[in-house]
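Structural features, examined
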Amino acid sequence: MKRILLLVVMCCYWLPKSSATHIVGGEIMYKFLNSNQFNANYRVTLYLYVDCINGQENAIETDKDGYINIYSKNLNNDFNPFDLYTSASSHNGYQLSQSRTGPIRVSDVNYKCIKTKPNACVDKYTYTIDISVPVNDGGYVISFERCCRNNSINNIINPQSTGATYWTYIPSTKVIPKNSSPIFKSLPPNFLCTNAPLKFDHSATDADGDSLSYELYTPYIGADNVAPLPSQDGSTNPRDYSPVLWESGYSTFNQIDGNPLLSIDNKTGKLTLTPTLSGQFVVGIKVTEYRKGVRIGETKRDFQFNVSNCIFDVVSSFSVPKFNCSENEVFFTNRSENGVQYLWDFGDPATKLDTSVLKDPKYTYSKPGNYNVKLITINTICTDTSEYDINVKQNFKVYIPNDTLICGPFTKKLFTSVPNKTYKWNTGESTPAINVNKGGKYWVSVTDAPCVSRDTINIINDLSLIDLGPDSVICRDSFVQFTWEGKPGYKTYLWNDNTTEQSVFIHKLGQYWVNVTNPNNCPSVDSITFVLYPPPRVYLNDTLFCKGTTVKLDGVNYSIKTKLETNYIWNTGETTPQISTSVPGTYFVKVRNRLCTIFDTAVLTNIETGLDLGNDTFYCGPIDRWLRPVKGFVKYLWHDNAETIDYHAVTDGKKKLTIVTKDGCIESDSMFITQFPPIDGGLGDDTAICLSSTIELKATDSMSNYLWNTGAKTRSIFIKDSGIYVVTIKDENGCITHDSIHIYEKPNALPIDLFMPNAFSPNGDELNEVYPGNKYSDPGSPYLLRIYNRWGEKIFEADKPSIQWDGTSKGNNLAPQDVYVFYVKYVGCDEVERWFRGTFTLIR
């Protein structure tokens, strides 16, 4: 949208305090004066309501001149600023009047028995000007923007920075030749009291006699505390008008705390409310005008209700009664204050017994309907009256059509039996009737609050149709009569040859049709055509063939009509009539000649000769291997041109045999023989050991595995016992060898460590009778033993271990009990000469 010159702006000056909170409400209207084919003339009136107690005086003074915005509207709902002062002036605004009229103090009192009026003050200012606008297609929007509202307002967010926009729409005279906006007849009272009913005529008049409808609406934001009097650039395009932001718990339908809540009769404009919370509340009331059922305009009033905790001599009030839908009995709850006597009039014209003097009465109405109930509350000082309109309703029963079965596609209208109610279908629609075209369960809930009725219909939609399948091609060279099985599961069959069974006899080629009814008695019809077409002919044969040779498979169509276009698909993916392969296996081909398809299969198998020389092998040392292939071949030819059946291999290398079978198959097989040098275990020759000595046995180094007959898995072991020791070793080539060694003791050799006791007792008891008491044989090696007494006198000497001292000296004289010294020198089993000396005791 291209923005053109803005018609009007606010004042050409701005005061810092002009944003002070003082706006209470406002409304803007227009009156048609006259028109021609070029221009239309209207009188625009703005009512502005201000707070005459808390409002800033300089802000109120700033509003002595008012400015409106005018926007032309096109058929695409685009808005363009329209300037009435194209020839003009020192400002771009449209001044409503040089000096406003007023103020008029709003002082209506809604309450008869109030003791002291709350401190609330509202002034009404009036701005009026006549305008002339060019005739256009879309009409005009006129608006006024001002900030700010009272900062003590309860029901909107940030009221001290929230302004107001009052606007209305003038329809094009091309569409509505003459129209004036509705005008509210009066203002609500300037204050309300908590728990005191308000019943106010908020209706409007319309100069054109148009139909009027009333509702609550959310007031609009306009201007702000930064630009409280918007300039030309700061004015708001109607497309961007925004509603005020409600505090939590408040909304369009709950603008003020009350019981009952604020409401307005959409036909009469009667406004009702019993406020329950003191404070200040912004309220929006809208009247919409209709001409011949078409909405043409509206007037919106944005107003602030001041609610106080008032003191009354007496207050008449009662709760809007609640009732159930099963009977006409209604219970009333009296909420009056300071009452002494009560007089109820239940407004039932069918009887004269519709009154009561009870405080909380109940009444049974003669029939459902709308009734006006009045309560007169009396005490000795004052009498107050309250009244409410109530609607007594009874339950009702809604009916939609019964459950039904529908064959085939359909569109069905479902309608309710109860008019003029609120409807909710499970399809989401909210009209008295709906159209459906699918099977399923449908329900409608009909509400005449608080009464609700519900009904359900289940539509079974049988969409099943008989399907005989595609037309049938009989792939034969000539026609043969046959019986064709139709589709099972139907109640009745009628074929075009008057057959009434499921199957039909096909006595000739052509079209056959059948009419059937299914178990739900739904009819359907289908047909099938039988045609004759010659199938392809393919002959594949199972084949035995030699390994390494190629076999050709022939899938050529040998049909009687070989000129027909033929397609081939093999399981190998090939699409030629013939394929070649050297791989055994199962092969199949699909051959199609336009209408007919045939499959054929061939199994290809290699001729097995049984030739197998075995796996490659190796030898550790000399090679001695006989290769013995199966017998029965026509010819044998070895790698060295030998033509024997068996072959004796004694050298390493590749050994290959080529044979020829009786079927002429030529086949070869080979094996490779590797020769590794033999390995030595490394244990050496058998050897003898000294008594009680330990020796180390070592196998060959750098082998990958060792295993001794002792269980050890190391290269070497330590032993001190005689016996045969075996080691098994394996090298990195996998060659395995065994080695053994026989270890035995020297039978007559002296030990390395010769034992000499420290005492002996030659007393004839045959125990320890000689010294040193060893039972060694003569080893044949040097040996010398000498024994000395304590004075160093040698008393015994021997050169063989078998010669031992018996405890005598100098003949047969017994040596005395004493300590003696020995000296021994000998050669042990390890061929090393040793000597040592010591002492021992002779005991008698």
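For the structure, see preceding data.
Okay, so let's go over this structure. (Residues numbered from 1 in each chain as written. Predicted model: local features only at pLDDT ≥ 70, side-chain atom pairs only at ≥ 80, totals over all residues. Heavy atoms only, no water.)

Turning next to the layout of surface pockets. Taken as a whole, the second largest pocket holds about 210 Å³ of empty space. Asn110, Pro197, Lys199, Thr385 and Ser386 are the residues nearest the centre of the second largest pocket, which is lined by 14 residues in total. Among the secondary structure elements, those contributing two or more residues to the lining of the second largest pocket are strand 12 (198-201) and strand 24 (383-392). Ranked by the residues each element gives to the lining of the second largest pocket, the list is headed by strand 24, at 5 residues. (1 Å grid on protein atoms, 1.4 Å probe; cavity = no way out; pocket = protein on both sides within 12 Å on 5 of 7 lines; lining within 4 Å. Points joined across faces, edges and corners; volume = space filled by probe spheres on them. Helix = DSSP H or I, 4+ residues; strand = E, 2+ residues; numbered from the N terminus.)

Bringing the pairing of strand 2 (residues 39-51) into the picture now. Each regular strand shows side chains that alternate between the opposite faces of the sheet. The buried count for strand 2 comes to 10 of 13 residues, which makes it a mostly enclosed element. Of the pairings in the sheet, the one linking strand 1 (residues 23-35) to strand 2 comprises 11 bridges and is antiparallel in character. Bridging from a neighbouring strand, Ile23 pairs with Val50 of strand 2. Here strand 1 folds back onto strand 2, and the loop between the two strands holds 3 residues. (Buried < 20%, exposed > 50% of the residue type's maximum accessible area, 1.4 Å probe, protein only. Pairing = 2+ DSSP bridges.)

Moving on, we come to the sheet that holds strand 21 (residues 355-356). Read across the open sheet, the 4 strands follow the order 21-20-23-24; overall the sheet is antiparallel. A single partner strand is all that each edge strand has here, and the edge strands are strand 21 and strand 24. In the sheet, strand 20 (residues 341-345) pairs with strand 23 (residues 369-378) via 5 bridges, with the strands oriented antiparallel. Bridge assignment links Asp345 to a residue of strand 23, and that residue is Lys374.

Counting residues in each nonpolar core, the largest one holds 42 residues, and the members touching the most others are Tyr111, Cys193 and Phe312. Of all elements in the fold, only strand 1, strand 2, strand 11 (192-193), strand 12, strand 14 (211-216), strand 16 (270-273), strand 17 (279-291) and strand 18 (294-308) reach the threshold of two or more residues within this core. Top contributing element to this core by residue count: strand 17, with 5 residues. Counting residues in each nonpolar core, the second largest holds 24 residues, with Ala40, Ile60, Tyr125 and Ile129 among its members. (Core = buried A, V, L, I, M, F, W, Y, C linked by side-chain atoms within 4.5 Å.)

All told, the structure shown has 2 cavities of 30 Å³ or more when counted by the stated rule. Its volume calculated, the largest cavity comes out at about 50 Å³. The wall of the largest cavity is formed by Ala40, Tyr42, Val133, Pro134, Val135, Asn136, Tyr140, Ile170, Pro171, Ser172 and Thr173. If you list the elements that add at least two residues to the lining of the largest cavity, you get strand 2 and strand 7 (122-134). Across the lining of the second largest cavity, the residue classes break down as 5 nonpolar, 1 polar and no charged. (Nonpolar A, V, L, I, M, F, W, Y, C, P; charged D, E, K, R; others polar.)

This part takes up unusual backbone geometry. Put simply, Cys147 and Cys148 share a cis peptide bond, and its omega is 20°. With respect to the secondary-structure elements, Cys148 resides in the loop between strand 8 (140-146) and strand 9 (164-170). Backbone torsion omega between Asn259 and Pro260 reads 5°, so that peptide bond is classified as cis. If you trace the backbone, Pro260 turns up in the loop between strand 14 and strand 15 (263-264). Phi is positive for Asn420, close to 60°, though the residue is something other than glycine. Among the structural elements, Asn420 can be located in the loop between strand 26 (412-415) and strand 27 (422-425). The phi dihedral of Arg594 falls on the positive side, at around 75°, and the residue is not glycine.

Counted under the stated rule, the structure contains 8 disulfides. Paired by a disulfide, Cys113 and Cys382 hold their sulfur atoms 1.8 Å apart. When the S-S torsion is -70°, as for the bridge of Cys113 with Cys382, the disulfide is left-handed. Within this pair, whereas Cys113 is found in the loop between strand 6 (101-106) and strand 7, its partner Cys382 is found in the loop between strand 23 and strand 24, the two being separated by 269 residues in sequence. Between Cys546 and Cys665 runs a disulfide, and the two sulfur atoms are separated by 1.7 Å. As the torsion about the S-S bond is roughly -70°, the Cys546-Cys665 disulfide counts as left-handed. Taken as a pair, Cys546 in the loop between strand 37 (543-545) and strand 38 (551-554) and Cys665 in the loop between strand 47 (653-660) and strand 48 (666-676) lie far apart in primary sequence, 119 residues in all. (Disulfide = S-S within 2.5 Å.)

Here the focus is the environment of Val122. Mapped onto the elements of the fold, Val122 is located in strand 7. Placed 71 residues apart in sequence, Val122 and Asp51 show a C-alpha to C-alpha distance of 5.0 Å.

Moving on to the sheet that holds strand 56 (residues 783-788). Each strand in a sheet pairs with its neighbour through backbone hydrogen bonds, running either in the same direction (parallel) or in the opposite one (antiparallel). The strand order across the open sheet formed by 5 strands is 55-61-60-56-57, and the pairing between neighbours is mixed. One side of each edge strand has no neighbouring strand; the edge strands of this open sheet are strand 55 (759-760) and strand 57 (794-798). Note that strand 60 (residues 818-827) and strand 61 (residues 833-842) share 10 bridges and pair antiparallel. Bridge pairing links Lys825 to Trp835 in strand 61.

Attention now goes to the side chain of Asn155. Position of Asn155 among the secondary structure elements: in the loop between strand 8 and strand 9. Overall, the relative accessible area of 0% leaves Asn155 in the buried class. Engagement of the side chain of Asn155 in a polar contact is seen with the backbone oxygen of Gln255, the distance being 2.7 Å. Of note is the side chain of Asn155, whose polar atom sits 2.9 Å from the backbone oxygen of Val282. With residues near it in sequence (within four places) discarded, Asn155 still touches Leu245, Trp246, Glu247, Tyr250, Gln255, Gln280, Phe281 and Val282. (Polar contact = N/O pair within 3.5 Å; in protein donor to acceptor, adjacent residues only side chain to side chain. Contact = heavy atoms within 4.5 Å.)

Now for a nonpolar patch on the surface. On the surface, a cluster of nonpolar side chains totalling about 180 Å² of accessible area is made up of Val473, Val531 and Leu595. Here Val473 shows up in strand 31 (residues 472-475). (Patch = residues over 30% accessible without salt bridge, like charges linked within 9 Å, V, L, I, M, F, W, Y side chains within 5 Å. Areas by Shrake-Rupley, 256 points an atom, 1.4 Å probe, with all protein chains shown as cover. Salt bridge = Lys/Arg side-chain N within 4 Å of Asp/Glu carboxyl O.)

On to the pattern of salt bridges, then. By the definition in use, this model includes 24 salt bridges. When the shortest N-O distance is used, the salt bridge between Asp208 and Arg291 registers 3.5 Å. Taken as a pair, Asp208 in the loop between strand 13 (204-205) and strand 14 and Arg291 in strand 17 lie far apart in primary sequence, 83 residues in all. A relative accessible area of 23% places Arg291 in the partly exposed class. Linking Glu215 and Lys286 is a salt bridge whose minimum nitrogen-to-oxygen distance equals 4.0 Å. One end of the pair, Glu215, is in strand 14; the other, Lys286, is in strand 17, with 71 residues separating them in the sequence. On the basis of relative accessibility, which here comes to 35%, the residue Glu215 falls in the partly exposed class. With a relative accessible area of 15%, Lys286 lands in the buried category.

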